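Listed below are the residues making up each chain.
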Amino acid sequence: MKRGIILAAVLAATSLAGPALAADLMPRKAPPMVAPPIQDWSGIYVGLEVGYGWGRQDGLNVPFTAEPGVGEFLNSVCQQCGFDPFFELHEFQDLLNRNSSVADVLLGRTKQTGWLAGGFFGAQKQWGNWVLGLEGDIDGANIKGSVSGFAARSGGVAPVTDESLDEFLNLRHAASLESKVDLLASVRGKVGFAASPNWLIYGTGGMAFAHVKNTLSSAQSLAFGDDCIVDGGFSDCEGGFVSAAKAFSLSSGTSMFGWAAGFGTDWKVPIDAGSAWVFGLEYLHYGFPSQTITLSDSFGRSLSFNAKEDVDTIKARISYLFSIH
């Protein structure tokens, strides 16, 4: 009797637990796979850059001029000489006309180096592995250099004897030019290839702008003597001796328009489906055609010359990309 009751209880418990055990033993389906968020190089971006640049500006010829002009210098000669002013001034003018160009200083190409820093912004779109975009940038710069030169001329005319000259002229001229690129900017197209989801290489080119400041310093001296002993120098000019000197500085700021082209590479670190940090390295060459640069000062002196400017830069960049799909 008892055995029957126990057997019935076991059978009842088994019948109740069977469906639950069977459900636990059935294979479960894996949760559906969720595709990772899509993020390519399409989007808009803004960033900062810092780098190094080196440039070249054509040289110029600095002419020799009497201070503060031939006419006024001649008047000073007249006031100091103890001889016939009209005759001597004529001789002086003739001697100066034939020799002053020899004291011109030819300043060669100025080589510039220095840093630059600024910002950039752009928009781009990816099709397959190709990326097309448009970018603008602007950088403050301190890319500068200087060049200097010296010229001198000594000589006379019409020897009175084997040991003396009727007139003797001495010209000395030192000049230097400092040139500095203080602003660079460009608007460029961009064509890139996504070598991997996070690595982009690209070429770029477009319009460019630069602001260049030039400062010319010149120091000139002129000495004129009459009936001078050849070996004795100016102290032995029996007919009289006069001299004058000047130093001046001319400057200008010039805006230049040209082109820029180069290449670069970017590495992307995604943050989420909508943004990423981008680290890059870029090389650009800026070319500005020859144009007239006019230097002047507050006294009305001026000097114009033609020059062209070329600048090369390499920049480290960081930007924030807002992805757009």
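These remarks concern the structure in this document. Computed from a predicted structure; not experimentally measured. (Residues numbered from 1 in each chain as written. Predicted model: local features only at pLDDT ≥ 70, side-chain atom pairs only at ≥ 80, totals over all residues. Heavy atoms only, no water.)

**Observations concerning the pattern of salt bridges**
Opposite charge on two side chains lets them pair, provided their charged atoms get close. Tallied over the entire structure, the rule returns 14 salt bridges. For Arg317, the salt bridge is made with Glu135, and the minimal N-O distance between the two is 2.8 Å. Linking Arg317 in strand β10 (residues 302-323) with Glu135 in strand β5 (residues 130-161), this pair joins segments that are 182 residues apart in sequence. With respect to class, Arg317 is no different from Glu135; both count as buried. Close ionic contact of Arg188 with Glu282 constitutes a salt bridge, the shortest N to O distance being 3.8 Å. Taken together, the residues Arg188 in strand β6 (residues 164-196) and Glu282 in strand β9 (residues 275-296) connect sequence positions 94 residues apart. Ionic contacts of the salt-bridge type, sharing partners, join the residues Glu49, Glu135, Asp137, Asp139, Arg188, Lys190, Asp266, Glu282, Lys315 and Arg317 into one network. (Salt bridge = Lys/Arg side-chain N within 4 Å of Asp/Glu carboxyl O. Helix = DSSP H or I, 4+ residues; strand = E, 2+ residues; numbered from the N terminus. Buried < 20%, exposed > 50% of the residue type's maximum accessible area, 1.4 Å probe, protein only.)

**Here's the deal with the nonpolar core**
Core analysis: the biggest nonpolar cluster contains 30 residues, and Leu60, Leu107, Leu184, Leu216, Tyr286 and Phe288 have the highest contact counts within it. Looking at this core, the elements that each hand over two or more residues are β2 (60-62), β3 (105-107), β5, β6, β7 (199-229), β8 (237-272), β9 and β10. Sorting elements by how many residues they give to this core places β9 first, with five residues. Contact partners of Leu216, with chain neighbours within four places excluded, come to Val62, Leu107, Ser176, Leu177, Phe248, Ser249, Leu250, Leu295 and Leu303. Counting nine residues, the second-largest nonpolar core is a separate cluster that includes Trp41, Ala194, Val278 and Leu321. (Core = buried A, V, L, I, M, F, W, Y, C linked by side-chain atoms within 4.5 Å. Contact = heavy atoms within 4.5 Å.)

**Remarks on empty space enclosed by the protein**
Within this structure, the stated rule accounts for two cavities of 30 Å³ or more. By volume, the largest cavity is sized at about 80 Å³. Along its surface, the largest cavity is lined by Trp41, Tyr45, Phe120, Gln124, Lys190, Asp266, Val278, Gly280, Arg317, Ser319 and Leu321. At three residues, the largest contribution of residues to the lining of the largest cavity is made by β10. Class assignment for the residues of the lining of the largest cavity results in five nonpolar, three polar and three charged. (1 Å grid on protein atoms, 1.4 Å probe; cavity = no way out; pocket = protein on both sides within 12 Å on 5 of 7 lines; lining within 4 Å. Points joined across faces, edges and corners; volume = space filled by probe spheres on them. Nonpolar A, V, L, I, M, F, W, Y, C, P; charged D, E, K, R; others polar.)

**Quick word on the side chain of Lys268**
Within the secondary structure layout, Lys268 lies in strand β8. Among buried charged residues, Lys268 stands out as having no salt bridge; its nearest opposite-charge side chain is Asp40, 6.0 Å away. A distance of 3.4 Å separates a polar side-chain atom of Lys268 from the backbone oxygen of Pro197. (Lys, Arg positive; Asp, Glu negative; His and termini not counted. Polar contact = N/O pair within 3.5 Å; in protein donor to acceptor, adjacent residues only side chain to side chain.)

**Concerning the pairing of β9**
Where β9 meets β10, 20 bridges bridge the pair, whose relative direction is antiparallel. In the strand pairing of β10, Glu282 is matched with Lys315. Linking two consecutive strands that pair antiparallel, namely β9 and β10, is a turn of five residues; a positive phi of about 90° is found at Gly300 within it. (Pairing = 2+ DSSP bridges.)

**Looking at the pairing of strand β1 (residues 43-57)**
By the bridge criterion, 15 bridges tie β1 to β10 in an arrangement that is antiparallel. Across the sheet, residue Arg56 finds its bridge partner in β10, namely Asp310.

**Brief notes about the packing of aromatic side chains**
By convention here, two paired aromatic rings are described through the distance between centres and the angle between planes. All told, the structure shown has seven aromatic pairs when counted by the stated rule. Ring geometry for Phe263 and Tyr283: centres 5.5 Å apart, planes at 40°, overall tilted. With Phe263 in strand β8 and Tyr283 in strand β9, this residue pair connects regions lying 20 residues apart in the sequence. Its relative accessible area of 51% is what places Phe263 among the exposed residues. Grouping aromatic residues by their ring pairs yields a cluster made of Trp277, Tyr320 and Phe322. Here Lys268 stacks its cationic end above the ring of Trp41, 4.6 Å away from the centre of that ring. (Phe/Tyr/Trp six-rings, centres within 6.5 Å; stacked < 30°, edge-to-face > 60°. Lys NZ or Arg CZ within 6 Å of the ring centre and 35° of its normal.)

**Describing the environment of Thr294**
By secondary structure assignment, the location of Thr294 is in strand β9. Among the residues examined, Thr294 registers a relative accessible area of 41% and is labelled partly exposed. Spatially, the C-alpha atoms of Thr294 and Ser252 are 6.7 Å apart, while their sequence positions differ by 42 residues. Other than its neighbours up to four places away in sequence, Thr294 contacts Ser251, Ser252, Ser302, Leu303 and Ser304. A distance of 3.0 Å separates the side chain of Thr294 from the side chain of Ser304, its partner in a polar contact.

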